[in-house]
Amino acid sequence: MISIPHKTKQFTVFIIKLLIVAAAFYFIYDQLAHNNQLDWKKFNTLLKEKQSVWGILFLLSFSIANRYLEILKWQNLVSFLKPITVGESSKQVLGALTAGIFTPNGLGEYAGKALYFEKTKTKKIIFLNLICNGIQMILTILFGTIGLFVLGYWQWASAILILAVFFYLVSIVSKNIKVKGYSIQKLIHKINEIPKLIHQKNIMLAFFRYLVFSHQYYFLFLAFDVDLPYLTMMSTIATVYFLASSLPSFQFLDFAVKGSVAVFFFGKLGVNEWIVVFISTLMWFLNVVLPVIIGSYYVLKFKPKWN
């Protein structure tokens, strides 16, 4: 086996980190600069009319709370393997977010978090990240389905419930069938290995995180003078998040995907298309771009575990 000098390894890692950060910022710039749906003149005019220091701080507080709850979720789940501080969890969550911004559905986050741990723990870290994201997705599906019912899309909502029941029955019947050594029964066993208290805390934090980012969306619509009943607004937001999250996408295209779905549903409620696009872009900027900027610092400071 050829031995690579330590200095060469360090230089290679440094170049990789620079490429990750540069690519992340390029994709962000490219989407903001070349998005034909955005009318920046209209946007600047509206911002000048609506600008408020307290309003901006209020909306930023939701972004901080959103990521902080995600950081607490990860800290809670990793405690199954070893205790880590909030600061360490922040490094891993934000650094992994930056690394995963240009991968499909943020898959790079799984590898990004795993790099902070020994190679022997890679599978366990990926599994914990699956649990972390899985509960968030389950809540998104649950509230999204309720949203579809409230908005009157009975056929769509019913189809989702039928599919859910179908997959549940299939999982019971085929729980002992193995595919490449894995089975549903084995997966359930691994999930049950994690203490119930950790699962309960994970669900609670995921629930509050869902409330935070959905209400940030809600308050942005209020800031842009969109006057709709609370239940209608929240049901539409829940539906948009559910359907947009179900589509394959990249983090850096997140606002475009959510924006397109949002335009369809809010358009039916008479909301101006460009307002919906701007709000989707602002949500992306506040909850992806800003954390990625912070995460870039952690990526550049990252020191891999050579062992």
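For the protein chain, the name recorded in an unreviewed UniProt entry is Flippase-like domain-containing protein, with Flavobacterium silvisoli as its organism.

**Details of the packing of helix 6 (residues 122–151) against helix 9 (residues 196–223)**
For any two helices packed against each other, the geometry comes down to the angle between their axes and how far apart the axes lie. Axis separation between helix 6 and helix 9 bottoms out at 9 Å; the angle between their running directions is 55°. By the angle between their axes, helix 6 is oblique relative to helix 9. Considering the relative orientation of helix 6 and helix 9, their crossing is right-handed. Taking contact as the criterion, the partners of Ile131, Cys132, Ile135, Gln136, Leu139, Thr140 and Phe143 in helix 6 are, on helix 9, His199, Asn202, Ile203, Ala206, Phe207, Arg209, Tyr210 and Phe213. A class-by-class count of the residues in the contact of helix 6 with helix 9 yields ten nonpolar, four polar and one charged.

**Overview of the environment of Pro291**
Within the element layout of this structure, Pro291 appears in helix 12 (residues 273–301). With a relative accessible area of 5%, Pro291 lands in the buried category. Among all residues touching Pro291, those that are not within four sequence positions of it are Arg67, Leu94, Leu97, Thr98 and Leu286.

**Comments concerning the UniProt feature "transmembrane region" (unreviewed entry) in the protein chain**
This chain's UniProt record puts "transmembrane region" (unreviewed entry) on residues 12–32, 52–69, 125–147, 153–173, 203–224 and 274–300. This span, residues 125–147, is 100% helix and 0% strand, and a straight line between its end C-alpha atoms measures 33 Å. In residues 153–173, helix accounts for 95% and strand for 0%; the two terminal C-alpha atoms are 31 Å from one another.

**Thoughts on a positive patch on the surface**
Together, Lys123, Lys124, Lys186 and Lys190 make up a positively charged patch on the protein surface. Positionally, Lys124 belongs in helix 6. Using a relative accessible area of 48% as the deciding quantity, one classes Lys124 as partly exposed.

**Some remarks on the pattern of salt bridges**
Where charged atoms from two side chains of opposite charge come close, those side chains can pair. This structure, assessed with the given rule, holds four salt bridges. Between Lys91 and Glu88 there is a salt bridge whose closest N-O contact spans 3.8 Å. Of this pair, Lys91 and Glu88 both sit in helix 4 (residues 86–99), three residues apart, roughly one helical turn. A relative accessible area of 34% means that Lys91 is categorised as partly exposed. We classify Glu88 as partly exposed; its relative accessible area is 26%. Between Lys121 and Glu118 there is a salt bridge, with its nearest N and O atoms 3.8 Å apart. Among the residues examined, Lys121 registers a relative accessible area of 22% and is labelled partly exposed. Sharing partners across several salt bridges, the network here consists of Glu70, Lys73 and Arg209.

**What about unusual backbone geometry?**
Even without glycine at this site, Asp225 takes up a positive phi of about 60°. Turning to its location among the elements, Asp225 is positioned in the loop between helix 9 and helix 10 (230–245).

**Notes on helix 4**
Here helix 4 is 14 residues long and its end C-alpha atoms lie 20 Å apart, about the 20 Å a rise of 1.5 Å per residue gives. Burial runs high along helix 4: ten of the 14 residues are buried. Of all the positions in helix 4, only Ser89, Ser90, Gln92, Val93, Leu94, Gly95, Ala96, Leu97, Thr98 and Ala99 are classed as buried.

**Some words on a nonpolar patch on the surface**
On the surface, a cluster of nonpolar side chains totalling about 530 Å² of accessible area is made up of Val165, Tyr168, Leu169, Ile172 and Val173. Leu169 gets classed as partly exposed once you look at its relative accessible area, which sits at 48%.

**What about the nonpolar core?**
As a rule of thumb, nonpolar side chains are buried together in soluble globular proteins. Membership of the largest hydrophobic core comes to 34 residues, with the highest contact counts inside it found for Tyr217, Phe221, Met233, Ile237 and Phe266. Going through the elements one at a time, helix 7 (154–173), helix 9, helix 10, helix 11 (254–267) and helix 12 are the ones with two or more residues in this core. Looking at this core, the element that brings in the most residues is helix 10, giving eight residues. If near-sequence neighbours (up to four positions away) are discounted, Met233 is found in contact with Tyr218, Phe221, Val226, Leu228 and Phe266. Core analysis: the next-biggest nonpolar cluster, separate from the first, contains 19 residues, Phe117, Ile125, Leu128 and Phe302 among them.

**Some details on the side chain of His215**
Looking at where His215 falls in the secondary structure, it is placed in helix 9. Since its relative accessible area comes to 17%, His215 is described here as buried. Of the polar contacts made by the side chain of His215, one reaches the side chain of Tyr230; its length is 2.6 Å. What His215 contacts, discounting residues up to four positions off in sequence, is Phe62, Tyr230 and Met234.

Calculation rules
Residues numbered from 1 in each chain as written. Predicted model: local features only at pLDDT ≥ 70, side-chain atom pairs only at ≥ 80, totals over all residues. Heavy atoms only, no water. Axes fitted to C-alpha atoms, helices over the stretch in contact; angles between N-to-C directions. Helix = DSSP H or I, 4+ residues; strand = E, 2+ residues; numbered from the N terminus. Parallel < 35°, antiparallel > 145°, perpendicular 65-115°, else oblique. Left-handed = near helix turned anticlockwise from the far one by under 90°. Contact = heavy atoms within 4.5 Å. Nonpolar A, V, L, I, M, F, W, Y, C, P; charged D, E, K, R; others polar. Buried < 20%, exposed > 50% of the residue type's maximum accessible area, 1.4 Å probe, protein only. UniProt positions renumbered as here; feature names shortened; annotations may be inferred. Patch = residues over 30% accessible without salt bridge, like charges linked within 9 Å, V, L, I, M, F, W, Y side chains within 5 Å. Areas by Shrake-Rupley, 256 points an atom, 1.4 Å probe, with all protein chains shown as cover. Salt bridge = Lys/Arg side-chain N within 4 Å of Asp/Glu carboxyl O. Lys, Arg positive; Asp, Glu negative; His and termini not counted. Charge placed at Lys NZ, Arg CZ, Asp CG, Glu CD. Expected span 1.5 Å × (residues − 1). Core = buried A, V, L, I, M, F, W, Y, C linked by side-chain atoms within 4.5 Å. Polar contact = N/O pair within 3.5 Å; in protein donor to acceptor, adjacent residues only side chain to side chain.

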